[in-house]
Amino acid sequence: MDVVVTGMRSTGPLHIGHLVGVIENLKKLQENYKSYFFIADLHVLTTNYENVSDFKKNRIEVMLDWLASGIDPNKATLFIQSKVPAHTYLHLLLSMIVPVSWLERNPTVKEMIRDLELSENASYGLLGYPVLMASDIILYKAKFVPVGKDQLPHLEMTREMVRRFNFLYGDLFVEPQALLTNFPNVPGVDGKKMSKSLDNDIKISDTEEETTKKIMEAITDPQKIRLHDEGHPEICTVFTYHKIFNKDESETIEKDCKSGALGCVACKKNLAKKLNERLKDIREKREALKKDLDTVIDIFETGSKNASEVANATLEEALQKMNIK
Ligand code: TRP
């Protein structure tokens, strides 16, 4: 069976964009591949190294979101990056062979530095973001890596590191391929990219009331002011949500919005109801898991042990190839 590896940074509870964009995809992959899904907690430190007070808590939020939404520890190995020390050891070995010029050219890292206004404060660890990511992937000799488009430069660099290592010390690592999914892009309630930091996200773990409130406040077509005004669903965030979470009714909604028969308030109430229905089971399961955190943590401890066996074996091979062992 082909190996798939992917990681998700633990910056806090996940939102509905993660659910339909990433988690749904992982649920399919776990059926057909030897899957390693991990929480990339160390990658969080590349930018959020100052305030670590929520570090462990955020990890647990992601564990709960994954398990509640159907990522299955019986089908995939679920683990925590920092609990498999081989990742950090291989990161160090790779850091010796990767030219700084490659890292300085990486457009995704450059974008992070720009967006977070880090410039002079960008750390050595952030520059090495793709090096750690390469270790994450190649320790498991993964063939496929499901990622978003923004991650492609990192993956290309992983491939370059593999070629360089194999050329210098002999064949060992496998060049991974990106598995791009054309998942729906879920905008935030303000129409911008959905993100926790912009405070425009709807979380898997939000209550029904919070969800409804956020939807009622969502930006719609600015030209549709009164109920019977003709709307432009193609530019409306709420309509985008209907297309994803209320597919069956979306044609009627589109027609009625355009004609002015449907007002925004009714349209939003309907969406809130549908979205809450869709999330109901996940939220209930999440609440139940939350009451049994020991079991949740245990699942990831066991996964980390299992991942370590594979990762340590590959690390051992790398050390031998480099004549360290
Ligand atoms: N950089 C990825 C992201 O932000 C997370 C990640 C870390 C990852 N290591 C990985 C993804 C290894 C795939 C494989 O989305």
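Preceding this paragraph is the structure being described.
What comes next concerns the included structure.

Around the ligand there are 13 residues in total, and Arg9, His43, Tyr129, Asp136 and Gln151 lie nearest to it. Measuring from a nitrogen atom of the ligand, one finds a side-chain N or O atom of Gln151 at 2.7 Å. Against a free-state accessible area of 370 Å², the protein chains account for coverage of 90% of the ligand. Counting residues per element, the shell around the ligand draws most heavily on helix α8 (residues 129–138), at 4 residues. Looking at the shell around the ligand, its residues break down into 7 nonpolar, 4 polar and 2 charged.

Before going further, it helps to spend a moment on the packing of aromatic side chains. Per the counting criterion, the structure on display carries 7 aromatic pairs. Judged by centre distance (5.2 Å) and plane angle (25°), the rings of Phe38 and Phe79 are stacked. One end of the pair, Phe38, is in strand β2 (residues 34–39); the other, Phe79, is in strand β3 (residues 76–80), with 41 residues separating them in the sequence. You can call Phe38 buried: its relative accessible area is 3%. Under the relative-accessibility criterion, Phe79 is labelled buried at 0%.

Position of Asn200 among the secondary structure elements: in the loop between β5 (177–179) and α10 (208–216). Taking relative accessible area as the criterion, Asn200 reaches 2% and is therefore assigned buried. A polar side-chain atom of Asn200 sits 2.8 Å from a polar atom in the side chain of Asp190. Setting aside its immediate chain neighbours within four residues, Asn200 contacts Gly188, Val189, Asp190, Lys192, Lys193, Met194 and Ser195.

As a further point, take the pattern of salt bridges. As enumerated under the stated definition, the model contains 26 salt bridges in all. Between Lys27 and Glu24 there is a salt bridge whose closest N-O contact spans 3.9 Å. Taken as a pair, Lys27 and Glu24 lie in helix α1 (residues 16–32) at a separation of 3 residues, close to a single helical turn. Residue Glu24 is classed as partly exposed on the basis of its relative accessible area, which comes to 23%. Between Lys83 and Glu301 there is a salt bridge, with its nearest N and O atoms 2.9 Å apart. Placement of Lys83 in the loop between β3 and α4 (86–97) and of Glu301 in helix α14 (residues 293–321) is noted, with a sequence separation of 218 residues between them.

Before going further, it helps to examine a nonpolar patch on the surface. A surface patch of nonpolar side chains, about 410 Å² in accessible area, is lined by Tyr89, Leu92, Met96 and Ile324. The exposed category is assigned to Met96, whose relative accessible area is 59%.

What follows concerns the pairing of strand β1 (residues 3–8). Buried residues dominate β1, accounting for 5 of its 6 residues. Two elements, β1 and β2, share 6 bridges in a ladder whose sense is parallel. Within β2, the position partnered with Met8 by the bridge is Ile39. Between the parallel pair β1 and β2, the chain is carried across by α1, and the sense of this crossover is right-handed.

Let's shift gears to helix α12 (residues 247–259). End to end, α12 covers 19 Å across 13 residues, agreeing with the expected 18 Å (1.5 Å per residue, within 8%). Taking the largest bend as the criterion, α12 deviates by roughly 25°, centred on Ile253. Taken together, the buried positions of α12 are occupied by Ser250, Ile253 and Cys257. The inward-facing, buried residues of α12 contact α11 (237–245) and α13 (264–290). Once α12 finishes, Gly260 follows within two positions and takes phi at roughly 95°, a positive value.

Cut-offs used in this document
- Residues numbered from 1 in each chain as written.
- Predicted model: local features only at pLDDT ≥ 70, side-chain atom pairs only at ≥ 80, totals over all residues.
- Heavy atoms only, no water.
- Near = heavy atom within 4 Å.
- Polar contact = N/O pair within 3.5 Å; in protein donor to acceptor, adjacent residues only side chain to side chain.
- Areas by Shrake-Rupley, 256 points an atom, 1.4 Å probe, with all protein chains shown as cover.
- Helix = DSSP H or I, 4+ residues; strand = E, 2+ residues; numbered from the N terminus.
- Nonpolar A, V, L, I, M, F, W, Y, C, P; charged D, E, K, R; others polar.
- Phe/Tyr/Trp six-rings, centres within 6.5 Å; stacked < 30°, edge-to-face > 60°.
- Buried < 20%, exposed > 50% of the residue type's maximum accessible area, 1.4 Å probe, protein only.
- Contact = heavy atoms within 4.5 Å.
- Salt bridge = Lys/Arg side-chain N within 4 Å of Asp/Glu carboxyl O.
- Patch = residues over 30% accessible without salt bridge, like charges linked within 9 Å, V, L, I, M, F, W, Y side chains within 5 Å.
- Pairing = 2+ DSSP bridges.
- Right-handed = clockwise from strand over helix to strand, strands pointing away.
- Expected span 1.5 Å × (residues − 1).
- Bend = angle between axes of the 7 residues up to and from the residue.

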